[in-house]
Amino acid sequence: MRLLPGTPRALGLAAALAATALAGAAAPQPVTRTARAPQAEESSGAPAAAEPGAAPLRGNLGVPVAERLLASSDPEARLRGIERLGAIGTEEAIDALLAALEQGAPAARDPRARLAAVRALAPHAPRDSVRQLLSRELSEGGAPARSAASPLGELLRGTAALALARSGDKRALAALVNAIVQGGAAGEAAARALKAYPPASLQLLLGSRKRLEPALVAFLGELGDLRALAALRPVIEGGDRAAQVAAARALARLGDEAALAKARAWLRKPEPGLLEASAEVLVHLGAPEAPDAVAALLGSELARLEGLRLAELAPAARLVPALARALPLLPEDARPRAVAAIGRAGGAEAARQLRRLSIERPELATAAAFALATAPGAEARAAVAEMIDGPRAAKDADSRRLGLRAGVVRGLALRDAPEALEGRLLAALAAPRGSSDRAVAAFGAVALGLRDAREVVGECSPASCDRAAVHAAARGALARGERALAALAPLFAELAAPGGDGSAKGGGGAPDAAAISAGVALLAAPTGGAVATSRLAALAEAGGPLAPLAARALAARDDEVIRGRLKRLLEGSDPVVRAHVALGLGSDPMPDSVSLLARAYRFEDDAAVRRAIVRGLSRRAEVQRRRVLEAARDLDPDEGVRALARAALSGVDRRALDAPSALATGVVWVAIVPNDRSAAASAASRPARLVRPDGLAVPVVADPDGVLLVPGVPPGVSSVLLAPAAPPGDAGS
């Protein structure tokens, strides 16, 4: 260790000890010399505090060093000071940290410093002064006067709530209950925290309350703890009307039939609020009169949307007529939901209504076709067969393509395709190159395994290619697994080569539309395959549908030359690209990439990116990963992040976290409809980026008629982002 001139040796020892605490080494670790060794300070995502009173020498000597850092005008130095004090963990250190967060202090005005302090103070939540600060952050974390402009506001609030809930302290739990009663963002954060860390005893939540507020009653139902039944049953009889309604709903959520008699009595009263509550109770308890109660809500102007929500929650064939009547009366953005609810209800009447909608309501035709394609039963299959082979299909090309797509989706989702589908698809492959008919056939033939993707595409080069077939076949390959995707790798390498699209040379230039489609090959080649590193860097930095997967491959090839570009991508404005860089760093051959991931986690406000960072860390073997994974497991407001961190720390095989899901059988069906009819051409062969529920971004290009079918999607919510402008060569011919 080299000391600065004039620095006492004891102070140098204190700094060294404090740095050791920051690195979090519980025991001496073997030293591996590499080209660039991981920096302990960089790897400290959220250092866990030491036990109060531990290592008095370190505490006494390290606090002055941390206080000097906190007095610095450099925000990074102040962060190091906060983390040092948290790592020391003595009473003196915690007092110094609290003093640094007093109103008006520089650290108190910096959301990053406050977040670091909340993480450092979490183990000390039972202390009165710490609990008060955490409670203040819970209630004011996103207040306009402090951090409303900061995207870290919600992360800060959620972390403070988890720190309070995790402590199990009676007064900390009381602060969370008060936030739930008051409602708002703080109440939502408090409720999520208590679900993550349920109290050992419900009495710690209820305290000495003589009256349970409706918000607290509702939370007890959401908590799912059957110990709450004893506290809820008296409320349904003795509380005020709002508390009674909340208690009935909570009891029904918990499966207790004590609310059934009250709900049936409310059905006979004309008050709309009571009708909604009684219908929800009947639905949750599976009462035989539940469909009639939901149908009554669908017929009420004031309660129609609540009726739709309950119809989605409990599908029933008896609801189909009521849903069909309510459909034109619902807000426009809620009508596709009603169509889907009809499909889930099932039965002959549902199939008839959906077939009618596919013909009479063009704006709902896609939703109706998708509902028929995913509805079980012979009636729905027969309706799809009629769409494929009926008289209307023979006369109208749009109807025929709608039927073919519905048949393919049914074959993928239910393995129940109509018999006529295969012959119609193979016949449509003879349609003119670049046509929508041939694109639909190419997608279906590849997705259902009737033809290989390269066979359908045929000869393809940047100069001559049936791009519509490439777009469709590449999407179809998503349903066939990694082998089918890998078969597209040579095509992608050729089409993505610099200047292959006739634009800028030397590694730059927008990729050809066919290259965007063939880019799905990168899903099976996380390191980029045969694509040059310079081209991957250009694609990652250019934005667009290919940027995320290119960024992941680039990060997996990390070296001294491209490290600077990776850092810029990891700090960029596109959260999807940031997430893919994190995924790629998990396979980075450079050992100090763990430090990049740890630093990226510290103040990342996007939960999807934090999930990717945890996935990346789960693939690393370096000891530095553990500190960040523990912080993520204990204090990250996102349930998915905590679950991934728990799996990584519990010894789950890292490959299992990234293995393709057996449930990835979903199909996304999107019809691109321009706001202005004069811009109809902008929907044709439009490039887009679909982000799957597992966080991976899939580059896709629509068919010439503006329709996207994307198979192989895991369960959950997906998002689609259209490219702002069509790249060269997207005309489909």
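### Re the overall build of the protein chain
Broken down by element type, the protein chain carries 40 helices and 5 strands. Counting across all 733 residues of the protein chain, residues that qualify as buried make up 52%. Sequence separation of 24 or more characterises 67% of the internal contacts of the protein chain that already satisfy a separation of 6 or more. Counting every atom, the protein chain has about 30700 Å² of accessible surface; 54% of that belongs to carbon and sulfur.

### Section: the confidence of the model for the protein chain
Averaged over every residue, the pLDDT of the protein chain is 87; the share at 70 or more is 86%. Ignoring residues within four places in sequence, the model shows residues 501-507, a span with pLDDT below 50, making 11 contacts including any to other chains. In this model residues 727-733 is a low-confidence stretch, pLDDT under 50, and it forms 21 contacts with partners more than four residues away in sequence or in other chains.

### Side note on the sheet that holds strand 3 (residues 697-701)
The antiparallel open sheet is built from 3 strands, whose spatial order is 3-2-5. The open sheet terminates on both sides in strands that have one partner only, identified here as strand 3 and strand 5 (719-722). Sheet twist, expressed as the mean angle between neighbouring strand axes with direction ignored, is 25 degrees. In terms of strand pairing, strand 2 (residues 687-691) meets strand 3 through 5 bridges, oriented antiparallel. Residue arginine 689 lies in a different strand from strand 3, and its bridge partner there is proline 699.

### Side note on the packing of aromatic side chains
Two numbers describe a pair of aromatic rings. These are the distance of the centres and the angle of the planes. Scanning the entire structure with this criterion turns up 1 aromatic pair. The interplanar angle of 80 degrees and the centroid separation of 6.2 Å between the aromatic rings of phenylalanine 370 and tryptophan 669 together place this pair among those described as edge-to-face. Highlighted residues: phenylalanine 370 in helix 21 (residues 365-374) and tryptophan 669 in strand 1 (residues 666-671), separated in sequence by 299 residues. In this structure phenylalanine 370 comes out as partly exposed when scored by relative accessible area, which is 28%.

### Quick word on the packing of helix 14 (residues 260-267) against helix 15 (residues 272-284)
Between helix 14 and helix 15, whose axes approach to 8 Å, the crossing angle comes to 140 degrees. For the element pair helix 14 / helix 15, the angle class is oblique. Classified by chirality, the crossing of helix 15 by helix 14 is left-handed. Counted together, Leu260, Ala263, Arg264, Trp266 and Leu267 of helix 14 and Leu274, Leu275, Ala277, Ser278, Val281 and Leu282 of helix 15 form the full contact between these two elements. Looking at the contact of helix 14 with helix 15 residue by residue, the classes come out as 9 nonpolar, 1 polar and 1 charged.

### Some words on helix 24 (residues 397-414)
For an α-helix, the turn length of 3.6 residues means that residues three or four places apart are oriented alike. Spanning 18 residues, helix 24 covers 25 Å between terminal C-alpha atoms, matching the ideal 26 Å at 1.5 Å per step. The element helix 24 is extensively covered by neighbouring structure, given that 13 of its 18 residues are classed as buried. Looking one or two residues past helix 24, arginine 415 carries a phi angle of roughly 55 degrees, positive in sign.

### Thoughts on the nonpolar core
Counting residues in hydrophobic clusters, the biggest one holds 231 residues, and the most contacted among them are Leu134, Leu176, Phe492 and Val581. Those residues within four positions of phenylalanine 492 in sequence are excluded, and the remaining contacts are Ala515, Ala518, Gly519, Ala521, Leu522, Val531, Leu539 and Leu546.

### Some thoughts on the pairing of strand 4 (residues 707-713)
For strand 4, a buried count of 7 out of 7 residues is recorded, marking the element as mostly surrounded by other parts of the structure. Where strand 1 and strand 4 come together, 5 bridges link them in antiparallel fashion. When the sheet's bridge partners are listed, alanine 671 is paired in strand 4 with valine 707.

### Digging into the environment of leucine 566
By secondary structure assignment, the location of leucine 566 is in helix 34 (residues 563-570). Through-space distance from the C-alpha of leucine 566 to that of alanine 551 is 8.0 Å; in sequence the pair is 15 residues apart. In contact with leucine 566, not counting residues within four places along its chain, are Leu554, Ala555, Asp558, Val581 and Leu585.

### Examining the packing of helix 7 (residues 153-167) against helix 9 (residues 184-196)
Packed helices, taken two at a time, are described by the angle between their axes plus the distance between the axes. Between helix 7 and helix 9, the least distance of the axes is 8 Å, while the angle of their chain directions is 45 degrees. As judged from the angle between their axes, helix 7 and helix 9 are oblique. Note that helix 7 runs across helix 9; the crossing there is right-handed. When helix 7 is examined against helix 9, the residues Glu154, Arg157, Gly158, Ala161, Leu162 and Ala165 are found in contact with a partner set consisting of Ala185, Ala186, Ala189, Ala190, Ala193, Leu194 and Ala196. In terms of residue class, the contact of helix 7 with helix 9 is made up of 10 nonpolar, 1 polar and 2 charged.

### Here we look at the side chain of serine 517
As for its placement among the helices and strands, serine 517 is situated in helix 31 (residues 513-518). In contact with serine 517, not counting residues within four places along its chain, are Val470, His471, Ala474, Pro699 and Val701.

### A look at unusual backbone geometry
Even without being a glycine, arginine 415 presents a positive backbone phi close to 55 degrees. Position of arginine 415 among the secondary structure elements: in the loop between helix 24 and helix 25 (421-428). Arginine 415 sits in the exposed class, given a relative accessible area of 65%. Backbone geometry at serine 685 places phi at a positive 50 degrees, although glycine is not the residue there. Structurally, the position occupied by serine 685 is in the loop between strand 1 and strand 2. For serine 685, a relative accessible area of 1% corresponds to the buried category.

### Let's talk about helix 39 (residues 639-649)
Listed in full, the buried residues belonging to helix 39 are Val641, Arg642, Leu644, Ala645, Ala647, Ala648 and Leu649. For helix 39, the N-terminal cap is aspartate 638; the gap from its side-chain oxygen to the backbone nitrogen of glycine 640 is 3.1 Å. Glycine 651, located one to two residues past helix 39, shows a positive phi value of around 90 degrees.

### Quick notes on the pairing of strand 3
Burial within strand 3 is extensive, with 5 of its 5 residues counted as buried. Going residue by residue along strand 3, you find Ala697, Pro699 and Val701 tucked away on one face and Val698 and Val700 tucked away on the opposite face as well. Turn length for the strand 2-strand 3 hairpin, with the two strands adjacent in sequence and antiparallel, is 5 residues, and the turn residue glycine 695 shows positive phi of about 95 degrees.

### Some points on the environment of valine 456
Within the element layout of this structure, valine 456 appears in helix 27 (residues 453-457). In the structure, valine 456 is positioned 14 residues away from alanine 442 in sequence and 6.4 Å away in space, judged by C-alpha atoms. The residues contacting valine 456, other than those within four sequence positions of it, are Leu429, Arg438, Ala442, Val446, Arg451 and Ala473.

### Concerning the pattern of salt bridges
Going through the model one piece at a time under the given rule, you end up with 52 salt bridges. For arginine 227, the salt bridge identified is with aspartate 225, shortest N-O distance 2.5 Å. Judged by relative accessible area, which is 15%, aspartate 225 ranks as buried. Across the pair glutamate 386 and arginine 355 runs a salt bridge, and its minimum N-O distance is 3.8 Å. Of the two residues, glutamate 386 is situated in helix 22 (residues 378-389) and arginine 355 in helix 20 (residues 348-360); the sequence distance between them amounts to 31 residues. Overall, glutamate 386 belongs to the partly exposed group, its relative accessible area being 42%. By relative accessible area, arginine 355 is classed as buried at 12%.

Rules behind the numbers
Residues numbered from 1 in each chain as written. Predicted model: local features only at pLDDT ≥ 70, side-chain atom pairs only at ≥ 80, totals over all residues. Heavy atoms only, no water. Helix = DSSP H or I, 4+ residues; strand = E, 2+ residues; numbered from the N terminus. Buried < 20%, exposed > 50% of the residue type's maximum accessible area, 1.4 Å probe, protein only. Contact = heavy atoms within 4.5 Å. Areas by Shrake-Rupley, 256 points an atom, 1.4 Å probe, with all protein chains shown as cover. pLDDT = per-residue confidence, 0-100. Pairing = 2+ DSSP bridges. Axes fitted to C-alpha atoms, helices over the stretch in contact; angles between N-to-C directions. Phe/Tyr/Trp six-rings, centres within 6.5 Å; stacked < 30°, edge-to-face > 60°. Parallel < 35°, antiparallel > 145°, perpendicular 65-115°, else oblique. Left-handed = near helix turned anticlockwise from the far one by under 90°. Nonpolar A, V, L, I, M, F, W, Y, C, P; charged D, E, K, R; others polar. Expected span 1.5 Å × (residues − 1). Core = buried A, V, L, I, M, F, W, Y, C linked by side-chain atoms within 4.5 Å. Polar contact = N/O pair within 3.5 Å; in protein donor to acceptor, adjacent residues only side chain to side chain. Salt bridge = Lys/Arg side-chain N within 4 Å of Asp/Glu carboxyl O.

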